[in-house]
There are 2 protein chains.
Amino acid sequence: MNTEGTRRDEIINTATELFKDKGYSAVTMRDLATAMGMKAASLYNHINSKQEILKAIIISLAEEFTQGMDAIKKLDQTAIEKLKLIVALHVDITTKNPHGMASLNNDWMHLEGQLDYYLGLRERYEQDFVEIIRDGISSNEIVDTNPEVVMFSILSTLRSLYLWIPKKEEINAKALAQNLSEVLINGINK
Amino acid sequence: MNTEGTRRDEIINTATELFKDKGYSAVTMRDLATAMGMKAASLYNHINSKQEILKAIIISLAEEFTQGMDAIKKLDQTAIEKLKLIVALHVDITTKNPHGMASLNNDWMHLEGQLDYYLGLRERYEQDFVEIIRDGISSNEIVDTNPEVVMFSILSTLRSLYLWIPKKEEINAKALAQNLSEVLINGINK
DNA sequence: CATTCAAACTAACAAGCGTTAGTTGATAGC
DNA sequence: GCTATCAACTAACGCTTGTTAGTTTGAATG
């Protein structure tokens, strides 16, 4: 029963920073230790394994998305409105932790014990997403195209936000979400 | 002056396959050798280093994109028409080598000697891309939004195609490019 | 002052890494 | 049949990897 380790959190934050640059596999415990200003062995006073760090970064983010989607799909809203909320969800989570999103996107396959759990969350998320699009097509809100192509197109953009948000600090989350929704939903054709 | 090594090509193709699953850093020369049905040392009869394999995968793809963009930007066409050609370019290259596209997207930072060259090509590509969008806004073809947001949105989708194309064999390249252009340009709002 | 405790340290481990050197056996050209 | 070439092999190298064990330090608590 402690105050839940600030030192452990610092290690995880530093690791997140390093993982986004070179990926999980290319970052060594000695790299991480150097970045923390200590020796590699000392890291093990705070964490149990390298693997545990990756899990801490990825799983909490994945669960945050699942939770957000669960809330959105229960709402009594139009499909288009739900899509806008999904865009806002991604912008929000990514703004708070863009480097962690790099690991989520690129290093999930190096999860060992939690790989199946992660894949389950992801599949469920994509199913919920495509379901909202199908509803929108049925209700005549959304143009009648392949719903998987639509989801893929939107989700690819949202998943890449982590690459882009850190470069654009002038724009705030709300404005970006609105701008992005506009482009993704209404297109760019005049 | 030989027939330019089919065996070397097989190694590179096999490596491409392995890299897309686990990334460059997590694939060992012994993994690659096992997948080729030989011992690690034997690989060096055909290639000079692990690094050289990565370079062979990534640089040729990057140059193909540069070449495609150079051709498109010289054309006397509307901006929207040029965007459709860019979509087709990505669908085309990705369909021919989806696994290589995984390395291009995820392992470029592990290029050593050619990193600067690669980054130069990428920057030029993105500049050409955003220039086409700016032209489209000036000529009143494209809605007046932040051109970087537009480029980012489209390019993210195109760069993620490699994840998606291998799962959708029923759809052909031409139909996919058309479908995607429709969604990206005209949006999904009815 | 004595004790406790967190958080750093040194030293070392077995395993795995990319790569090199030198060798072998099969195939093709003279 | 001799020779050259190709593509595999065995054996080993020096280094790096994640991780463990045991120790030291300095600050807080009684």
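Structural data are supplied above this passage.
Residues numbered from 1 in each chain as written. Chains lettered and ligands numbered in written order. Predicted model: local features only at pLDDT ≥ 70, side-chain atom pairs only at ≥ 80, totals over all residues. Heavy atoms only, no water.

A. Up close: the overall build of chain A. Along chain A, the regular secondary structure elements total 10 helices and 0 strands. When the helices and strands of chain A are placed in sequence order, the string is α-α-α-α-α-α-α-α-α-α. Its C-alpha atoms put chain A at 60 × 35 × 30 Å along the principal axes. Counting every position in chain A, which comprises 190 residues, the buried fraction comes to 50%. In chain A, of all internal contacts separated by at least 6 residues, the share reaching a separation of at least 24 is 69%. For chain A, the computed accessible surface area is about 9,500 Å², with 48% contributed by carbon and sulfur atoms. (Helix = DSSP H or I, 4+ residues; strand = E, 2+ residues; numbered from the N terminus. Buried < 20%, exposed > 50% of the residue type's maximum accessible area, 1.4 Å probe, protein only. Contact = heavy atoms within 4.5 Å. Areas by Shrake-Rupley, 256 points an atom, 1.4 Å probe, with all protein chains shown as cover.)

B. The arrangement of the packing of aromatic side chains in detail. In the structure shown here, the tally under the stated rule is 10 aromatic pairs over all chains. Measuring from ring centre to ring centre gives 5.8 Å for Trp108 of chain B and Tyr118 of chain B, while their planes differ by 25°; the resulting arrangement is stacked. Here Trp108 of chain B is found in the loop between helix H6 (98-106) and helix H7 (115-138), whereas its partner Tyr118 of chain B is found in helix H7, with 10 residues between them in sequence. Exposure remark for Tyr118 of chain B: the relative accessible area of 5% places this residue in the buried category. Put simply, the rings of Phe65, Tyr125 and Phe129 of chain A pair up and form one aromatic cluster. We note Lys50 of chain B situated over the ring of Tyr24 of chain B; from NZ or CZ to the ring centre the distance is 4.3 Å. (Phe/Tyr/Trp six-rings, centres within 6.5 Å; stacked < 30°, edge-to-face > 60°. Lys NZ or Arg CZ within 6 Å of the ring centre and 35° of its normal.)

C. Examining the packing of helix H5 (residues 79-96) of chain A against helix H7 (residues 115-138) of chain A more closely. Residues and elements named next belong to chain A. Relative orientation of the contacting elements H5 and H7 amounts to 150°, with a least axis distance of 8 Å. With respect to each other, H5 and H7 are oriented roughly antiparallel. Considering how the two elements wind past one another, H5 and H7 form a crossing that is left-handed. Between H5, through Ala79, Lys82, Leu83, Ile86, Leu89 and His90, and H7, the contact on the second element is made entirely by Tyr125, Phe129, Ile132, Ile133 and Gly136. Split into classes, the residues belonging to the contact of H5 with H7 amount to 8 nonpolar, 2 polar and 1 charged. (Axes fitted to C-alpha atoms, helices over the stretch in contact; angles between N-to-C directions. Parallel < 35°, antiparallel > 145°, perpendicular 65-115°, else oblique. Left-handed = near helix turned anticlockwise from the far one by under 90°. Nonpolar A, V, L, I, M, F, W, Y, C, P; charged D, E, K, R; others polar.)

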